[in-house]
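Each chain, written out:
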Amino acid sequence: MIAAPEIDLISLAPVLVLSVFTMLVMLIDLFVGKNKSVLVFVALTGLLLAAVSSFAKTDWPVSSFGGSYVVDHMSVFFTMIFCLSSGLAILLSVDYNKRENIRVGEYYSLIMFCTVGMIILASSTDLIMIFLGIEIVSLCLYVLAGIRRGDTRSNEAALKYFLLGAFATGFLLYGMTLLYGATGTTKLAGIAEALSHAEVLSQPILVMGVVLLIAGFGFKVASVPFHMWTPDVYQGAPTPVTAFMAVGPKAAAFAAFFRVFTTAMPELAPTWEVLLSIIAVTTMFVGNLGAIMQTNIKRLLAYSSISHAGYILIAIIAKGSLATSALLFYMLSYTFMTFGAFSIVILLGRAGKENLELEDYSGLGFKAPLLGLAMSVFLLSLGGLPPLAGFVAKFYIFQAALNEGYVILVVLAVLNSAISLYYYLKVIVFMYMKEPKGDFQISLTPITLIIIIIGLIGTVQLGLFPGPVISLAHP
Amino acid sequence: MYSLSWLILLLPLTGFLSLSWFGKRFPKLLGGWFACAMVGGAFLVTLLMLAQLYSESPADRLNHVQTLYPWIVSEGFSLNLSILIDPLSVFMLLIVTGVGFLIHVYSIGYMHHDKEFNRFFAYMNLFIFAMSVLVLAADFFFLIVGWALVGLASYLLIGFWTEKKSAVLAARKAFVMNVIGDVGMLIAAFMIFEHFGSLNYVDVFKAAPTAFFPNDDSILLITFLLLVGAFAKSAQIPLHTWLPDAMEGPTPVSALIHAATMVTAGVYLVARCNALFTMAPFTMYLIASVGVITAIVAGSIGMVQYDIKRVIAYSTMSQIGFMFLAVGVGVYSVGMFHLMTHAFFKALLFLGAGSVIHGMADEQDIRKMGGLRYAMPITFITFLIASLALAGFPLTAGFFSKEEIVMNAYHGQYGNFVFWGLAVIAVGMTGFYTFRLFFYTFMGKSRTPEAKPHESPLVMTAPLMILAGLSLLGGFLGPWVHSFLSPVFGGAVPMHHDDAMLEIIAVAAAMGGIIAAVAIYMTGKDQLAFAKQMLAPIYEALYNKYYIDEIYDFLIVKPVKAIGKFMEERAEKLGIDFSVDEVGRQVREVSRGISIWQSGKVRIYALNMVAGMVTILLFVIFM
């Protein structure tokens, strides 16, 4: 007889709150006219309440639903990052949607549903739940990428993402199946327990399972050689969706990636450490070298996000408590600087002309000094220059890896940081050292200004005063 | 009380940020006075720190580390945002903020006509901030931050007149030279961290005496790399070439950066790291040798220059050579003492030169000046005082500090006869070029009668008068400096050596230089003809001195240029350039390859995923 699992709805509070609000957004959408701004308020309220309700349980870690769901330090911190990134994405969309004539209410509810999936992904300790989370997130993203129905690029992005995503999901599910076949359980704790027996550990299908899992997760976090969708999809998707994809869902995939590999399969670490190291290094190199020749800012940032995935993979390889806090800190810093950069990318566009070529940034530093300064701060932080957030974030990841003895990996990562400065500085060179091509027609709305200021405060604050956040991120 | 020391950093930073952001909205003069107030405030806080230090017994005055908050904390490494208050840092800050304040006030008059008045003061405050970071740093990390910031600030200030091409080039040259030094410092910091597991001064200096044997390879390398930084910042041979060019900046900049503060950072570094340098006697000889050679070479070049600011610039190099000689022979506080007196009279000389240039409508060639003593009486008297002090005329500030250096060049721990002899020659040169400059500028008749020189306004002459007072009387502070700084240098007070013979020779050398200048440039109407007739041998010698410059050019510059040219044509074009270009080209090729690989076709992408996975699987199986 199958025992019914205990139901602990309090653990699920953020998921439930967010789901209710999402449905509310869909319902209200039916009754408002073309002006969707009321939906933004409801959505933001929902995200805020979800963030607050993640503290409903305070005696972390709380495991529930028969060990398939956990509220712990990492899941709460990730929930904060998700709510922040989704909130920023929604704010970022307000003006963009008006300009690009995206007048569908589903837009906001999709972002929120996606957030629900992300929270589940970061809190699950069961392969089935993780799969569910990934599917919720992916399905929402497929639609979001193609939400500009009249735009062929957007359609192309959505279709490509969907086809390849379905393919990758197959890998992931197959990997999970093999893991289940070898260990007889889908619970992460159970798998770890089973793997401690030598006869289980020696099964060849385990290796196959690990490789398939790496492929599946590798696709979601855009690591080489499963990264090829990234530049095309990032370029084709509406810019706020691109920013959102680069931050929230990626962070969620990393959360699950980290949890599965470090809690379920520490026994297999010798195998996957090597694999992930190679993947991390190639990811960094492909991302950074690929970015050098890009002339489109969205593609450039897409390659940059690939390289960042390489750095973050180092945190998984390093394991340990310092690696956990480094991962959390990195994702938070990455949220601020990426949204900051994308907000300025959106700001420079106008209806019918998105101004996405680097040429379009010529002379921005003189025409709009404060915007130029802000963009420089975001880019330099992405490049990892002190005293900005990106530097401290990289520093902690590298330190975690060094403590575990991965010296060569860190040397290669530092080398890559140096390479990456080339193309970040290239944008700055365009902004400050080239004559302006045409007039900038920048209409800075209060909402965009708020996002830029949040991004700046976050980037500078985490760079100058990382202490409090680091201690929050420390389990 | 010590926690207030953060204000020393905060005030100039506030000045810089507000002037650079809202500078255009500030009324012109208000911005200048605001900047002055910030630096003056920092000076007052420094005085407060001095008073606080005095309330403690000398042994307790060390290692007051003020931590604002921990910046980076992780297992095995941590960095605090903290500053160090001790006699050395307070002493240095008194000079930086005190002399800096006077120069700020002076600049209000000097830069009065400049369109970008407030931008200038923003940079000046940035410089004071950078220098304070450098001095107050409690560990090598923030030392390097300050070190680099000072380089940045000097770049901005030297190239302040961006429409002047030579200024921009000079700024670039200074920046590049300084970055060479920064790299040296950076590597030194890595090595220090590797050996001591910490970057804090307190930890490192406490562990230093037991961590190495004297003249260990690693301590030699660390101190040598630190020296690269010190020599680059302090314009010592062979990293000196940026300093004369840096005179392209506005004159107050020359006074602030290239006389009173920035160039002394190298001396400060050696004094600060005395615990490390003491473990490397070989490096000490190197410091003393480079110092005394720079003193001679720069002094000799200074004797033949005609640009008023260049003469003073070479003199600065030469005097800093004296300071390095002092710290090199092991009398750190004597070096710091000369640093102080030099800051007084050299700032005064530069500001006086600025006043002359201001009064002569931007003329810098001393051959076109002359007779300015009537038109500019205050500048004349203060410049005379500064010249006497620089030349080491008895009882002026320079006399005391230089006399101690020369004495210790022989009697000091690492002193010897050669150092002493060369130092005496350099003293003689100092007297000569100083008064050559002085007579050319102020005495005789005006050589350009159409010029209408006028005295500068009070806002410019007041700082001159204060500095003149300090240049006259600052020498009597010597004993105070030694006893105040002695805890930092392990309680050592430099011994006073009663060696009348050496003292008389040193004074005679200084007077000889002055008299030679008087003889050549003061007598008769037609000075050159008179000199040729009456003082033919001396003139010949001096003329040959000029040849020394040429020989120097022939022996060093030409071969270096030839080597440089050879290197450029062979090594660089074929080797470095080629490899750098090639690397760049290959990187772009790879980048393009990645882009081509990115074909946009979904089936290729899917195939790629499968291929990647199969590769990984094969790798695992056959690993």
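Each value, and the rule that gives it
Residues numbered from 1 in each chain as written. Chains lettered and ligands numbered in written order. Predicted model: local features only at pLDDT ≥ 70, side-chain atom pairs only at ≥ 80, totals over all residues. Heavy atoms only, no water. Helix = DSSP H or I, 4+ residues; strand = E, 2+ residues; numbered from the N terminus. Buried < 20%, exposed > 50% of the residue type's maximum accessible area, 1.4 Å probe, protein only. Areas by Shrake-Rupley, 256 points an atom, 1.4 Å probe, with all protein chains shown as cover. Rg over C-alpha atoms; globule rule 2.2 N^0.38 Å. Axes fitted to C-alpha atoms, helices over the stretch in contact; angles between N-to-C directions. Parallel < 35°, antiparallel > 145°, perpendicular 65-115°, else oblique. Contact = heavy atoms within 4.5 Å. Nonpolar A, V, L, I, M, F, W, Y, C, P; charged D, E, K, R; others polar. 1 Å grid on protein atoms, 1.4 Å probe; cavity = no way out; pocket = protein on both sides within 12 Å on 5 of 7 lines; lining within 4 Å. Points joined across faces, edges and corners; volume = space filled by probe spheres on them. Salt bridge = Lys/Arg side-chain N within 4 Å of Asp/Glu carboxyl O. Pairing = 2+ DSSP bridges. Patch = residues over 30% accessible without salt bridge, like charges linked within 9 Å, V, L, I, M, F, W, Y side chains within 5 Å. pLDDT = per-residue confidence, 0-100. Buried area = accessible area lost by both parts, 1.4 Å probe. Polar contact = N/O pair within 3.5 Å; in protein donor to acceptor, adjacent residues only side chain to side chain. Phe/Tyr/Trp six-rings, centres within 6.5 Å; stacked < 30°, edge-to-face > 60°. Lys NZ or Arg CZ within 6 Å of the ring centre and 35° of its normal. Core = buried A, V, L, I, M, F, W, Y, C linked by side-chain atoms within 4.5 Å. Left-handed = near helix turned anticlockwise from the far one by under 90°. Expected span 1.5 Å × (residues − 1).

**Describing the overall build of chain B**
When helices and strands are counted, chain B shows 25 helices and two strands. Residue burial in chain B is summarised as follows: out of 623 residues, 57% are buried. Surface exposure of chain B reaches about 24900 Å², of which carbon and sulfur atoms provide 70%.

**A few points about the overall build of chain A**
Within chain A, the regular secondary structure consists of 20 helices and two strands. Relative to its length of 475 residues, chain A is compact, with a C-alpha radius of gyration of 21 Å against a globular reference of 23 Å. Across its three principal directions, the C-alpha atoms of chain A cover 70 × 55 × 40 Å. Across the 475 residues of chain A, 65% fall into the buried class.

**Things to note about the packing of helix 13 (residues 297-318) of chain A against helix 14 (residues 320-348) of chain A**
All names here are of chain A. Running from N to C, helix 13 and helix 14 cross one another at 170°; their axes reach a closest spacing of 9 Å. Considered as vectors, helix 13 and helix 14 are oriented roughly antiparallel to each other. Where helix 13 approaches helix 14, its residues Ile297, Lys298, Leu301, Ser305, His308, Tyr311, Ile312, Ala315 and Ala318 are matched on the opposing element by Gly320, Ala323, Leu327, Tyr330, Met331, Tyr334, Met337, Phe342 and Val345. Its residues assigned to classes, the contact of helix 13 with helix 14 comprises 14 nonpolar, three polar and one charged.

**Here's the deal with empty space enclosed by the protein**
Residue and element names in this part refer to chain A. For the structure shown, the criterion picks out six cavities of 30 Å³ or more. The space that makes up the largest cavity amounts to roughly 130 Å³. What lines the largest cavity is a set of 15 residues, and nearest its centre among them are Leu141, Tyr161, Lys220, Pro249 and Lys250. Elements with a minimum of two residues in the lining of the largest cavity: helix 5 (127-145), helix 10 (229-236) and helix 11 (239-264). Grouping the constituent residues of the lining of the largest cavity by class yields twelve nonpolar, one polar and two charged. The volume enclosed by the second largest cavity comes to roughly 80 Å³.

**Thoughts on the pattern of salt bridges**
All names here are of chain A. In total, this model carries ten salt bridges over all chains according to the counting rule given. Two residues, Asp72 and Arg259, come together in a salt bridge whose shortest N-O distance is 3.1 Å. Here the residue Asp72 occupies a position in the loop between strand 2 (69-71) and helix 3 (73-100), and Arg259 occupies one in helix 11, the gap between them amounting to 187 residues. The partner of Arg299 in a salt bridge is Asp232, and the shortest N-O contact between them spans 3.3 Å. Within this pair, whereas Arg299 is found in helix 13, its partner Asp232 is found in helix 10, the two being separated by 67 residues in sequence. For the residue pair Arg299 and Asp232, the accessibility class agrees, reading buried in each case. A cluster of three or more residues bridged by salt bridges with shared partners is formed by Glu156, Lys160, Asp232 and Arg299.

**Concerning the pairing of strand 2 (residues 77-85) of chain B**
Each regular strand shows side chains that alternate between the opposite faces of the sheet. Residues and elements named next belong to chain B. With seven of nine residues buried, strand 2 lies mostly within the body of the structure. Relative to strand 2, strand 1 (residues 64-74) runs antiparallel, the two being bridged by nine bridges. Bridge pairing in strand 2 links Ser74 to Phe77.

**Details of a nonpolar patch on the surface**
All names here are of chain B. A contiguous nonpolar patch, built from Leu152, Tyr155, Phe175, Val179, Val183, Leu186, Ile187 and Phe190 and spanning about 660 Å² of accessible area, is present on the exposed surface. Those elements that place two or more of their residues in the nonpolar patch are helix 5 (140-158) and helix 6 (165-196). Broken down by element, the nonpolar patch gets its largest block of residues, six residues, from helix 6.

**Focus on the confidence of the model for chain B**
With 88% of its residues at a pLDDT of 70 or more, chain B shows a mean pLDDT of 81. Low pLDDT, under 50, characterises residues 541-546 of chain B; the predicted model gives this stretch five contacts beyond four residues in sequence or across chains.

**A look at the interface of chain B and chain A**
Taken together, the 30 residues of chain B in the interface contact 47 residues of chain A. With both chains or domains summed, chain B and chain A bury close to 3500 Å², and 77% of this area falls on carbon and sulfur atoms. At the boundary of chain B and chain A, one finds zero salt bridges. Inspection of the chain B/chain A interface yields five residue pairs in polar contact (both at pLDDT 80 or more). Elements with a minimum of two residues in the side of chain B that touches chain A: strand 1, helix 24 (536-597) and helix 25 (602-622) of chain B.

**Description of the packing of aromatic side chains**
Two numbers describe a pair of aromatic rings. These are the distance of the centres and the angle of the planes. Counting across every chain of the model gives 51 aromatic pairs over all chains. Their ring planes at 80° and their centres at 6.1 Å tell us that Trp229(A) and Tyr234(A) sit as a pair that is edge-to-face. Under the relative-accessibility criterion, Trp229(A) is labelled buried at 3%. Here the aromatic rings of Phe231(B) and Phe324(B) are separated by 5.3 Å at their centres, their planes lie at 80°, and the arrangement is edge-to-face. Pair noted here: Phe231(B) is in helix 8 (residues 217-234) and Phe324(B) is in helix 14 (residues 308-328), with a separation of 93 residues, a long-range link. Judged by relative accessible area, which is 8%, Phe231(B) ranks as buried. Phe324(B) sits in the buried class, given a relative accessible area of 0%. One cation-aromatic arrangement involves Arg61(B) over Tyr54(B); the distance from NZ or CZ to the ring centre is 4.6 Å. One cation-aromatic arrangement involves Lys402(B) over Phe322(B); the distance from NZ or CZ to the ring centre is 5.5 Å.

**Describing the nonpolar core**
One finds Phe78(A), Phe261(A), Met265(A), Phe140(B), Leu276(B) and Met336(B) to be the most contacted residues of the largest nonpolar core, which totals 416 residues. Broken down by element, this core gets its largest block of residues, 20 residues, from helix 14 of chain A. Excluding anything up to four places from it in sequence, Leu276(B) contacts Phe140(B), Ile192(B), Phe196(B), Val204(B), Phe205(B), Ala208(B), Ile219(B), Thr223(B) and Leu226(B).

**Topic: the packing of helix 16 (residues 369-383) of chain A against helix 19 (residues 446-464) of chain A**
Residues and elements named next belong to chain A. Between helix 16 and helix 19, the shortest axis-to-axis distance is 10 Å and the interhelical angle comes to 45°. The angle between helix 16 and helix 19 falls in the class oblique. Once helix 16 is placed against helix 19, the crossing between them reads as left-handed. Residue-level inspection shows Leu371, Ala374, Val377, Phe378 and Ser381 of helix 16 in contact with helix 19, the latter providing Ile452, Gly455, Leu456, Thr459 and Val460.

**What about helix 17 (residues 377-391) of chain B?**
Residues and elements named next belong to chain B. With 15 residues, helix 17 should cover 21 Å at 1.5 Å per step; its first-to-last C-alpha distance of 21 Å lies within 8% of that length. The buried fraction of helix 17 amounts to eleven of the 15 residues, a majority that puts the element mostly inside the structure. By the burial criterion, the buried members of helix 17 are Thr379, Phe380, Thr382, Phe383, Ile385, Ala386, Ser387, Leu388, Ala389, Leu390 and Ala391. One or two steps after helix 17, the chain reaches Gly392, where phi turns positive at roughly 85°.

**Observations concerning unusual backbone geometry**
Cis geometry marks the peptide bond from Val224(A) to Pro225(A), where omega comes out at 0°. Checked against the element boundaries, Pro225(A) lands in the loop between helix 9 (204-220) and helix 10. Cis geometry marks the peptide bond from Pro386(A) to Pro387(A), where omega comes out at 0°. Checked against the element boundaries, Pro387(A) lands in the loop between helix 16 and helix 17 (389-403). The backbone of Ala222(A) sits at a positive phi, close to 60°, despite the residue not being glycine. Position of Ala222(A) among the secondary structure elements: in the loop between helix 9 and helix 10. Of the residues examined, Ala222(A) reaches a relative accessible area of 1% and is grouped as buried. Its identity as a non-glycine residue notwithstanding, Ala235(B) has a phi of 55°, on the positive side. Structurally, Ala235(B) can be placed in the loop between helix 8 and helix 9 (242-245).

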